[in-house]
Amino acid sequence: MPTLTINGTEVTVDAGKSVLQACEQAGVDVPRFCYHERLSIAGNCRMCLVEMERSPKPIASCAMPAGDGMVIHTDTELVKKSREGVMEFMLLNHPLDCPICDQGGECELQDQSVAFGSGDGRFSENKRAVEDKNMGPLVATTMTRCIHCMRCIRFSDEIAGVEIMGAIGRGDHTEVVTYLDGLLDTELSGNVIDLCPVGALTSKPYAFTARSWELKRHPSIDVMDAVGSNIEVDTRDGAVMRVLPRLHEDINEEWISDKTRFAYDGLKKRRLDRPYVRKAGKFEEATWGEAFAAIKTGLKGAKGNEIAALVGDTADMESMFALKGLMNSLGSQRIEARQDGAALDAKIRASYLMNTGIKGIEDADYLLLIGCNPRSEAVMVNARIRKGTVKNGLKVGRIGAVADLTYTVEDFGDDASLVKAAKGGRHEISKALKAASKPMIIVGQAALAREDGAAILKMAHDLADKYCISEGWNGFNILHTAASRVGALDLGLTTEEGIKGLLKSAKTGDVKAMFLLGADEFDSSTLADTFTVYMGTHGDEGVKHADVILPGVTYTEKAGTYINTEGRVQQAEKASVAPGDAREDWTILRALSDIVGETLPYNTLSELRIALNEAVPETATLDTLPEADWSDFGTDGDIAKTPIVPIGGNFYQTNPIARASDVMAECVSVREGATEEATGTNG
Amino acid sequence: MSAATKFAWTPENEAEAQKHIAKYPEGKQQSAVMPLLDLAQRQNNGHVTIEIMEYIGKYLGMPAIRVQEVATFYTMYNHKPIGKHHVQVCGTTPCWLRGSDDIMAACKKHLGIEKGETTKDGMFTLGEVECAGGCVNAPQVSIGDDYFEDVTPETIVDILNKLAKGEKVTPGPQNGRQTSAPLGGPTTLADFKGKTAKSGGDA
Ligand code: SF4
Ligand code: FES
Ligand code: FES
């Protein structure tokens, strides 16, 4: 471990650290543009120059390994002059158009030139101009502002795993491009906006809608998938202006997916902003009182288990808990959250969690994917797997449909019965699992949402039990796609019959009334003859056959608790204002409980949370990776020799918010356009 | 692009390409991207295309953008069709001090084209390049793979004339200089004359 002196203070750093990192450790700020701790070192901007004794010239601290006995100065005249010089060069060809630049106010170039620049440049010739590029509907470009730090290129290559960005030409003619000016085709593309230290890459949907200093920042949790990415929701006058990632080393690091970042325009479209009651086949606007009265009438004649409820994919713990309370007080236990019909078992917590944890993937040396496509189902998990393959030599095998996951995957076929073979011991998969010291499996919903799902779950259990469980290591993982799912299972919101059975019962009249809590991922036509109350945010599938609509709020409009696929409990703050007459879901349920005469025993959010903590003790442990006890689960049975069919539909449109978003729709259409074009020219 | 014009190595170049690849360790075949681009450029009458870059990318197992980065970085890869003879006048300081402006002017006038243009008959493309490493015999002009040094406006026009007629030209110094020795013959170690052949370069 080298010890070096920085501005007169000695620091000892881990071997392999750079001088810049040593400076950071010593609490000394070093300006930088190209250096980024999660990307490889480029050393091309020279902003990090520092003085090293016995070196004839300043050194680029980001690219210089810290050595024992080095004496570094960052506060000398030479360093000041170097920074001024680099800054002046940087600005030679920069347009200095901050007043019309979206990065203004949060621009590293702006900040560093104020802090380290010399006030004036000596270049009076014409600046170069670079044509803007078209990277698709998400990333806006003003390439004249580019300072060639190459962060965006390194990000696409190294983190996103798509080698489509590059720098062509040289010297004064260098241009940062996507190959042939094509789409920046990765579901992580928005992150280059955060990485770009200047205003060359900015957000297209956010363009010119707000200034960073006008925004209120609210810590929140994403609900677009079951990862629970930490996000910051930025609002102005109560409206969501943009969504940014928030650092969480164990979940999303500092990235988020494009759906998480850009689906927010869907918060303002197709919204249910007042109650509706269906009269003579048509929806009519109603007051809350009228809507509740209609529900009371509708529930007449339905008793106990004749009332059922379906829970949607983005529901928070609070509303699910209130729904459960209401249903139970009405005498019904029929609440189902597994909209996709996955044969998950709510009794054993370890059976439905990602036990290894997202960060745990980095330690694994073999991963078997069973019926899951992490790239579309949980982008941040996929990024983590990729990181494991790059940094730790993680090998990945797959039982399931072939799809490009941005890293090498060994395909064994998509036949579900391979899970059994893998357990057997003689199959290549068994050998790979056996050879690994920290093997893990990830089971996707596609493998469980089959007739033989319970048998597959059992076989996956046995497989994990045989190979993936050791002291301090649980390699059994379920990858969920719905933000609400783990919480719903913790609340025990499952039924024997499953969603299929419930919908069948609705047809036969065994279920007379149905509550939908933002449930939109099933064919609602089966509820045509059932008295249906839809509580939710968007005019999506669930409202089609509803009799009463109660307007709820989205994840940015309420304080909510969510449990991610790892079983980690997180809380989101309320960030934006709900439209019209919409109310927080738990308050709707609380009010409704009053009407039907079974008042729920809490009046405030904190009272509700106390009750929730009692009912589900796990919810009291915020932001910790649980260690769920390992035991037996699943049901023995035959596994059909049939392919595991992928589920989930288009990545960009998996929930009502994303489906309402024009930006997401554009992401879909630009890709469809791309495939058409490709067949057009190749065919 | 129709199938007829699709780029693929000729059998000879395929063998040549494999020779280049063999120079690098297993798994590092991408290092051969530059010689392969050059080879492909020669096969394609002097310029590379997007199609060629993609072909080489596939051939070496690297993304097309990485090939394009290399191909656009180095000026010796041409991205537009060029004439039979690629005339590149050096314009860097030593050559410029020795009159490269006049050489360029003579070429322009003689060929009737500007920098970066190709004559109508497709015989000549004119360009200016940075130091070609022939400064000792400045001014220098490269034509195709050959260096012509110590040129004057007259000698360069003469060379261009001969090339146009398909006559033989002699590369190297155009003023009788022996390689890069002083114009008037050797001035130092003159007494060693004659012995040099024997003692070779060992001394
Ligand atoms: S576009 Fe931004 S991130 Fe990319 S090289 Fe230019 S300045 Fe850096
Ligand atoms: S930060 Fe060190 S060279 Fe850019
Ligand atoms: S300057 Fe012309 S060859 Fe070097």
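Residues numbered from 1 in each chain as written. Chains lettered and ligands numbered in written order. Predicted model: local features only at pLDDT ≥ 70, side-chain atom pairs only at ≥ 80, totals over all residues. Heavy atoms only, no water.

(A) Summary view of the overall build of chain B. Helix and strand counts for chain B come out as eight helices and five strands. Sequence-ordered secondary structure for chain B, helices as α and strands as β, is α-α-α-α-β-α-α-β-β-β-α-β-α. Based on the C-alpha atoms only, the size of chain B along its principal axes is roughly 60 × 50 × 30 Å. For chain B, the proportion of its 203 residues judged to be buried stands at 38%. Nonlocal contacts in chain B, meaning residues at least 24 apart in sequence, comprise 60% of its contacts between residues at least 6 apart. Total accessible area on chain B stands at roughly 11900 Å², and carbon and sulfur atoms take up 55% of it. Distance from the positive charge centre (21 side chains) to the negative charge centre (24 side chains) of chain B: 2 Å. (Helix = DSSP H or I, 4+ residues; strand = E, 2+ residues; numbered from the N terminus. Buried < 20%, exposed > 50% of the residue type's maximum accessible area, 1.4 Å probe, protein only. Contact = heavy atoms within 4.5 Å. Areas by Shrake-Rupley, 256 points an atom, 1.4 Å probe, with all protein chains shown as cover. Lys, Arg positive; Asp, Glu negative; His and termini not counted. Charge placed at Lys NZ, Arg CZ, Asp CG, Glu CD.)

(B) Examining the packing of helix H2 (residues 33-43) of chain B against helix H3 (residues 50-60) of chain B more closely. Residues and elements named next belong to chain B. With their axes 11 Å apart at the nearest point, H2 and H3 run at an angle of 140° to one another. One way to sum up the angle between H2 and H3 is to call them oblique. Regarding H2 and H3, the two cross each other, and that crossing is right-handed. Counting all contacts with H2, which are made through Val33, Leu36, Leu37 and Ala40, the residues of H3 involved are Ile52, Met53, Ile56, Tyr59 and Leu60. Classifying every residue of the contact of H2 with H3 gives nine nonpolar, no polar and no charged. (Axes fitted to C-alpha atoms, helices over the stretch in contact; angles between N-to-C directions. Parallel < 35°, antiparallel > 145°, perpendicular 65-115°, else oblique. Left-handed = near helix turned anticlockwise from the far one by under 90°. Nonpolar A, V, L, I, M, F, W, Y, C, P; charged D, E, K, R; others polar.)

(C) View of the sheet that holds strand E3 (residues 140-143) of chain B. All names here are of chain B. Taken in spatial order, the five strands make up an open sheet running E2-E1-E3-E4-E5, and their pairing is mixed. Only two strands of the sheet have a single partner each, and these edge strands are strand E2 (124-129) and strand E5 (172-173). Running at roughly 160° to E2, helix H6 (residues 100-111) makes contact with strand E1 (85-90), E2 and E3 of the sheet. Along the sheet, helix H7 (residues 153-165) makes contact with E1, E2, E3 and strand E4 (146-149), crossing E3 at roughly 10°. (Pairing = 2+ DSSP bridges.)

(D) The arrangement of the pattern of salt bridges in detail. Tallied over the entire structure, the rule returns 64 salt bridges over all chains. The salt bridge involving arginine 236 of chain A is made with glutamate 214 of chain A; its shortest N-O contact spans 2.9 Å. Of the two residues, arginine 236 of chain A sits in strand E11 (residues 230-236) while glutamate 214 of chain A sits in the loop between strand E9 (201-203) and strand E10 (216-221), which places them 22 residues apart along the sequence. In this structure arginine 236 of chain A comes out as partly exposed when scored by relative accessible area, which is 26%. As a salt-bridge pair, arginine 42 of chain B and aspartate 145 of chain B come within 2.8 Å of each other at their nearest N and O atoms. Linking arginine 42 of chain B in helix H2 with aspartate 145 of chain B in the loop between E3 and E4, this pair joins segments that are 103 residues apart in sequence. Since its relative accessible area comes to 46%, arginine 42 of chain B is described here as partly exposed. Using a relative accessible area of 59% as the deciding quantity, one classes aspartate 145 of chain B as exposed. It is possible to trace a salt-bridge network through shared partners that takes in Glu37, Arg38, Glu249, Glu253, Glu254, Glu362, Arg384 and Lys387 of chain A. (Salt bridge = Lys/Arg side-chain N within 4 Å of Asp/Glu carboxyl O.)

(E) Representation of unusual backbone geometry. Cis geometry is adopted by the peptide bond preceding proline 139 of chain B, which originates at alanine 138 of chain B and carries an omega value of -5°. Tracing the chain through its elements places proline 139 of chain B in the loop between E2 and E3. Even without being glycine, arginine 54 of chain A reaches a positive phi, approximately 70°. Structurally, the position occupied by arginine 54 of chain A is in the loop between strand E3 (49-52) and strand E4 (59-60).

(F) Spotlight on the packing of aromatic side chains. Within the structure shown, the criterion is met by 16 aromatic pairs over all chains. Between tryptophan 630 of chain A and phenylalanine 633 of chain A the ring centres are 5.4 Å apart and the planes differ by 85°, which places this aromatic pair in the edge-to-face class. Tryptophan 630 of chain A sits in the partly exposed class, given a relative accessible area of 22%. Three or more aromatic residues link up through ring pairs in this structure, and these residues are Phe7, Trp9, Tyr55 and Tyr59 of chain B. If you follow arginine 242 of chain A out to its NZ or CZ, it ends over the ring of tyrosine 206 of chain A, 4.9 Å from the centre. Note that arginine 278 of chain A overlies the ring of phenylalanine 283 of chain A, its terminal NZ or CZ placed 4.2 Å from the centroid. (Phe/Tyr/Trp six-rings, centres within 6.5 Å; stacked < 30°, edge-to-face > 60°. Lys NZ or Arg CZ within 6 Å of the ring centre and 35° of its normal.)

(G) Geometry of the interface of chain B and chain A. Taken residue by residue, the interface counts 11 residues in chain B and 13 residues in chain A. A combined buried area of about 1100 Å² lies between chain B and chain A, and 55% of that area is made up of carbon and sulfur atoms. Ranking the residues of chain B by area buried against chain A places Ile65, Arg66 and Phe73 of chain B at the top, with a combined share of 42%. Summed over the shared surface of chain B and chain A, the number is two salt bridges. Among the ionic pairs, arginine 66 of chain B bridges to aspartate 157 of chain A, the shortest N-O distance being 2.6 Å. Taken together, the links from chain B to chain A amount to seven residue pairs in polar contact (both at pLDDT 80 or more). Elements that contribute at least two residues to the side of chain B that touches chain A include exactly H3 and helix H4 (64-73) of chain B. The element contributing the most residues to the side of chain B that touches chain A is H4 of chain B, with seven residues. (Buried area = accessible area lost by both parts, 1.4 Å probe. Polar contact = N/O pair within 3.5 Å; in protein donor to acceptor, adjacent residues only side chain to side chain.)

(H) Representation of the pairing of E1 of chain B. All names here are of chain B. Of all six residues in E1, six are buried, a share of seventy percent or more. Neither face of E1 is exposed, since His85, Val87 and Val89 on one face and His86, Gln88 and Cys90 on the opposite face are all buried. Here six bridges tie E1 to E2, and the two strands are oriented parallel to one another. In the sheet register, histidine 85 faces E2, and the bridge partner there is phenylalanine 124. Here E1 runs beside E3; their pairing, made up of three bridges, is antiparallel. Of the residues in E3, the one forming a bridge with valine 87 is isoleucine 143.

(I) Quick look at the confidence of the model for chain A. A residue-level look at chain A finds 99% of positions with pLDDT of 70 or above and a mean pLDDT of 96. For the stretch residues 679-683 of chain A, pLDDT sits under 50, and the model shows zero contacts to residues farther than four places along the chain or on other chains. (pLDDT = per-residue confidence, 0-100.)

(J) Molecular detail of the site of ligand 1. Around ligand 1 sit 13 residues in total, of which Cys146, Cys149, Met150, Cys152 and Cys196 of chain A are the nearest. Of the residues assigned to the shell around ligand 1, the class counts are 12 nonpolar, one polar and no charged. (Near = heavy atom within 4 Å.)

(K) Looking closely at the sheet that holds E11 of chain A. All names here are of chain A. Reading across the sheet, the three strands line up as E10-E11-E12 and stay open at both edges, with antiparallel pairing between neighbours. Looking at strand neighbours, the two that pair on one side only are E10 and strand E12 (239-245), the edges of this open sheet. Neighbour-to-neighbour, the strand axes of the sheet open up by a mean angle of 30°, direction not taken into account. Bridge count between E10 and E11: six bridges; the pairing is antiparallel. Counterpart to arginine 217 in the pairing with E11 is aspartate 234.

(L) Fine view of helix H16 (residues 498-508) of chain A. Residue and element names in this part refer to chain A. Turning to H16, its buried residues are Gly498, Ile499, Gly501, Leu502, Leu503, Ser505 and Ala506. On its buried side, H16 packs onto strand E15 (307-311), strand E16 (335-336) and strand E24 (513-517). Positive backbone phi, at 90°, marks glycine 509, one or two positions downstream of H16.

(M) The side chain of threonine 5 of chain A, seen in detail. Residue and element names in this part refer to chain A. Mapping threonine 5 onto the fold places it in strand E1 (residues 3-6). A residue is classified by how much of its surface remains accessible, and threonine 5, at 19% relative accessible area, is buried. When near neighbours in sequence (up to four residues on either side) are disregarded, threonine 5 contacts Glu10, Met70, Val71 and Ile72.

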